[in-house]
Amino acid sequence: MMWVLRALCPMAVLPILMPAPAAAQASYDAAARIFRLDGGDVTYAFKVNATGILQSVYWGRRLPDRAPLAAPELSGLSGFDVAANVVPQEYAGQGGGLYAEPALKVTYADGNRDLVLYYRSHEVRGDEVRVTLSDLDRPLFVTLTYRIDRSTGVIARSAVIENRGATDVRVDQAAAAGYTLPVAYDYRLHYSTGRWAAEWTLQDRALTAGSTVLESRRGSTGSQNNPWFTITRGDTTEENGPAWIGALAWSGSWRMTFDQDVTGRIRVTGGYNPFDFAYRLRPGARLETPTFFTGFSDRGRGGASRLFHRFQREHVLPHHGGDLPPLRKVLYNSWEATEFKVDEAGQLALAERAAKLGVERFVMDDGWFGQRNSDKAGLGDWTVNPAKFPRGLTPLIDRVKALGMDFGLWVEPEMINADSDLYRAHPDWVMGFKERPRTEGRNQLVLNLARTDVRDHVLAVLDKLVSENDIAFLKWDYNRNWSEPGWPDADVADQQTIYVAYVRNLYWIIDELRKRHPGLEIESCSGGGGRVDLGIMARTDQVWPSDNTDPFDRMLIQDGFTQAYAPAAMMAWVTDSPNWVNRRQTTLSFRFLSAMQGGLGIGTNLNKWGDTEMATARYYVASYKRVRETVQRGDLYRLNRANAADQRWTNLYVAADRSQAALFTLVGSTNKLDVMPTINLRGLDPDAQYRIEAMDGTALPATVPARASGAYWMNHGVDVTLRGDFQGMGMILTRVR
Ligand code: GLA
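The sections below set out a description of the structure shown in this document. What you see is a predicted model, and the numbers here were worked out from it, not measured in a lab.

Below, the discussion takes up the pattern of salt bridges. Pairs can form between side chains of opposite charge once their charged atoms are near each other. Enumeration over the complete set of coordinates arrives at 58 salt bridges. A salt bridge links Arg150 to Asp127; its shortest N-O distance comes to 3.0 Å. Of the two residues, Arg150 is situated in the loop between strand S10 (140-148) and strand S11 (155-163) and Asp127 in the loop between strand S8 (117-125) and strand S9 (128-135); the sequence distance between them amounts to 23 residues. The salt bridge involving Asp553 is made with Arg584; its shortest N-O contact spans 3.4 Å. Taken together, the residues Asp553 in helix H10 (residues 551-564) and Arg584 in the loop between strand S31 (571-574) and helix H11 (588-595) connect sequence positions 31 residues apart.

Below, the structure written as structure tokens:
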């Protein structure tokens, strides 16, 4: 298939790979005034109603081609709830008596704050619909873009707001899209909450009357909530029933609201966070929203996750010229081993040991630059510390390469310590309000990337670093949230555009850097998983879900992460035991089996490992390389998720062509000689024969035959009983021809 680089939303916001158009997926029925998009197993439809408002019609399982899609003409429910609240609008302007969540709210210079958006024109092309709306009498235009992916049915929606008038308009609130689900009273909302070292905690609540707000006011994505959701019905299970999934592609402050409206419909609205938001649109100016991606599956939450994973692999994550994102390299990272105490001899010693294990990428973390001996100084000064690396980085990089690995480096380009040469030279480059104190987080301040001089400086520094050193990979960190988000040098009416301009410039820097260094790979890290979203994932190759490397906590974290995001981008490290988080002691095998379920890394002090640990690790790294394509590009089935009664995680990854499967079962604690439930596999070819083996090379229990059909593994299942605390087993199933 031919691939072209196309923008689902305007280029400045998100470059994404989409297939070249073939058969049309989008259509318009002029008689009924209904737009319809079909892709995968999904149909999405909306119409222009009798009053000219854009009204949601259908979003769910694919309908037959000529299915009648009439939707009722709705009017007000009573004098208290006029039509604006009853019609499920695709993109509601704040006006005309709307009390539901608006998609767009504006204020005019003359004080007018009433906005009612009517259909004006449209364009249907291939798998894309563009509809232009404008206010009933003022020249404020909104162009909505809908695009459906023909294989997964994932929909991308975004909006461009344009002031075609002669006076300024202030945008107070702008969403990418509004989505509606039909009246029902058994919807459930699944989402994640978190904080540092505790990201991706899954929540599940009824969507009843009232609002649920998920958001970040932090200037970046944040881990308090992550911008994804899944909505299910009461009878939806892991593998069956309807599931609507969505995620915003935006790495700044964001918000999603979930409301059951006066009629019982569910309305989902998402985009820029209106908190502290004000965006001046001068005459002729436009504001582009982020893209809001959504998918539907009738195969439960597991089906929705797999759909989203596939979409991310095929259309979001960078491909570097291939059909899919390159496989993640097994990496070593020095952070937990050395923290800030890095130097040439110490890193070399670790690199020698890492190479013996089969590691493919050696990453030196924090501490290599400026006066960076602790987190109190040095951020901003991206030149090699001469005391630690008197010969520069080249001798270390050369040796790492001679050992057969490539070299990666930690940077945190958006941040600055007050104790740095950069701050001494440019104190005004920091975000803040004039003559007000600035709150520090981890002893650091945030550079105001919205300023073009700061933006250009950051790019120049990174470009120089990557040009002068043979760097294959950057771990791009971001270790605090915003405070005092001031931009005193901008016109007062433009200062709050910082929420948009900062992120746009961040994207611009990364895009430009990648353009100048096409092979460069980047990891998005924000003290762990504080900046994971589809916007950053479109321009970084992997993400760090959490600083919490406890292998059991990590199962929870990875389970939360993979609800929406692909294992192809999820890094996981094997670190020390007892682990620093819970002082929990686990075997090396257990740590590997946990970390092998995404992109494998090793983050331990290898100098402390004896021959036995080195041999075990070498074996697991080799096993991982056998299954990594399946883990990173296959389908993930969550066969058992731990709960209060059963502390067991069982995950299965099945290769796209069903030739291999990787099965991981890990338990926190076993009790009372309990026999464990049989594991019934999924997704295999029922007629093919598969042989099974343990990932650590040991013999499997006598209850497991060496070879059987896919049907056997799925129906009869695999019986393995684990005993003890923090035990696990990994198995590889290989199709036999
Ligand atoms: C953050 C990252 C860690 C490490 C440190 C270095 O906390 O999440 O992995 O890189 O910064 O200071």
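Here Arg438 shows up in the loop between helix H6 (421-425) and strand S27 (444-446). In this structure Arg438 comes out as partly exposed when scored by relative accessible area, which is 31%. Leave out the neighbours within four places in its chain, and Arg438 touches Tyr423, Pro427, Val430, Met431, Gly432, Leu445 and Glu484. A polar contact of 2.5 Å, which involves the side chain of Arg438, links it to the side chain of Tyr423.

All right, on to the nonpolar core then. Among the nonpolar cores identified, the biggest contains 182 residues, and Leu104, Ile231 and Phe592 are the most heavily contacted of them. The element contributing the most residues to this core is helix H8 (residues 498-516), with eleven residues. Excluding residues that lie within four positions of it along the chain, Ile231 makes contacts with Leu181, Tyr187, Arg188, Leu189, Leu207, Pro242, Ala243, Trp244, Phe258, Ile266 and Val268. With 25 residues, the next largest nonpolar core counts Ile679, Leu681, Val704 and Val720 among its residues.

The next thing to look at is the packing of helix H7 (residues 452-468) against H8. At a minimum axis separation of 10 Å, H7 and H8 run at an interaxial angle of 30°. Relative to H8, H7 is oriented roughly parallel. For the pair H7 and H8, the sense of crossing is right-handed. Each of Arg455, Asp456, Val458, Leu459, Leu462 and Asp463 in H7 lies in contact with H8, whose residues at this interface are Asn505, Trp508, Ile509, Glu512, Leu513 and Arg516. Classifying every residue of the contact of H7 with H8 by side-chain character gives six nonpolar, one polar and five charged.

This brings us to the side chain of Asn49. Position of Asn49 relative to the elements: it lies in the loop between strand S5 (42-48) and strand S6 (54-61). Polar contacts involving the side chain of Asn49 include one to the side chain of Thr51, which spans 2.8 Å.

One open sheet accounts for six strands, arranged S33-S34-S35-S38-S36-S37; its pairing is antiparallel. Looking at which strands have only one partner, the edges of the open sheet turn out to be strand S33 (635-640) and strand S37 (707-709). Sheet twist, expressed as the mean angle between neighbouring strand axes with direction ignored, is 25°. Strand direction decides the pairing type here: strand S34 (residues 648-654) and strand S35 (residues 660-669), joined by seven bridges, are antiparallel. Residue pairing for S35: Trp649 is matched across the bridge by Leu666. Of the strands in this sheet, S35 and strand S38 (725-736) are in contact with H11, which crosses S38 at around 55°.

Assignment of secondary structure puts Trp228 in strand S16 (residues 228-232). Spatially, the C-alpha atom of Trp228 lies 9.3 Å from that of Thr294, the residues being 66 residues apart in sequence. For Trp228, the side chain forms a polar contact with the side chain of Ser192, separated by 3.1 Å.

Below, the discussion takes up the environment of Phe590. Here Phe590 lies in helix H11. Separated by 296 residues in the primary sequence, Phe590 and Thr294 have C-alpha atoms spaced 35 Å apart. Residues in contact with Phe590, not counting those within four places in the same chain, are Pro551, Phe552, Leu666, Val667, Phe726, Gln727 and Gly728.

What counts as what
Residues numbered from 1 in each chain as written. Predicted model: local features only at pLDDT ≥ 70, side-chain atom pairs only at ≥ 80, totals over all residues. Heavy atoms only, no water. Salt bridge = Lys/Arg side-chain N within 4 Å of Asp/Glu carboxyl O. Helix = DSSP H or I, 4+ residues; strand = E, 2+ residues; numbered from the N terminus. Buried < 20%, exposed > 50% of the residue type's maximum accessible area, 1.4 Å probe, protein only. Contact = heavy atoms within 4.5 Å. Polar contact = N/O pair within 3.5 Å; in protein donor to acceptor, adjacent residues only side chain to side chain. Core = buried A, V, L, I, M, F, W, Y, C linked by side-chain atoms within 4.5 Å. Axes fitted to C-alpha atoms, helices over the stretch in contact; angles between N-to-C directions. Parallel < 35°, antiparallel > 145°, perpendicular 65-115°, else oblique. Left-handed = near helix turned anticlockwise from the far one by under 90°. Nonpolar A, V, L, I, M, F, W, Y, C, P; charged D, E, K, R; others polar. Pairing = 2+ DSSP bridges.

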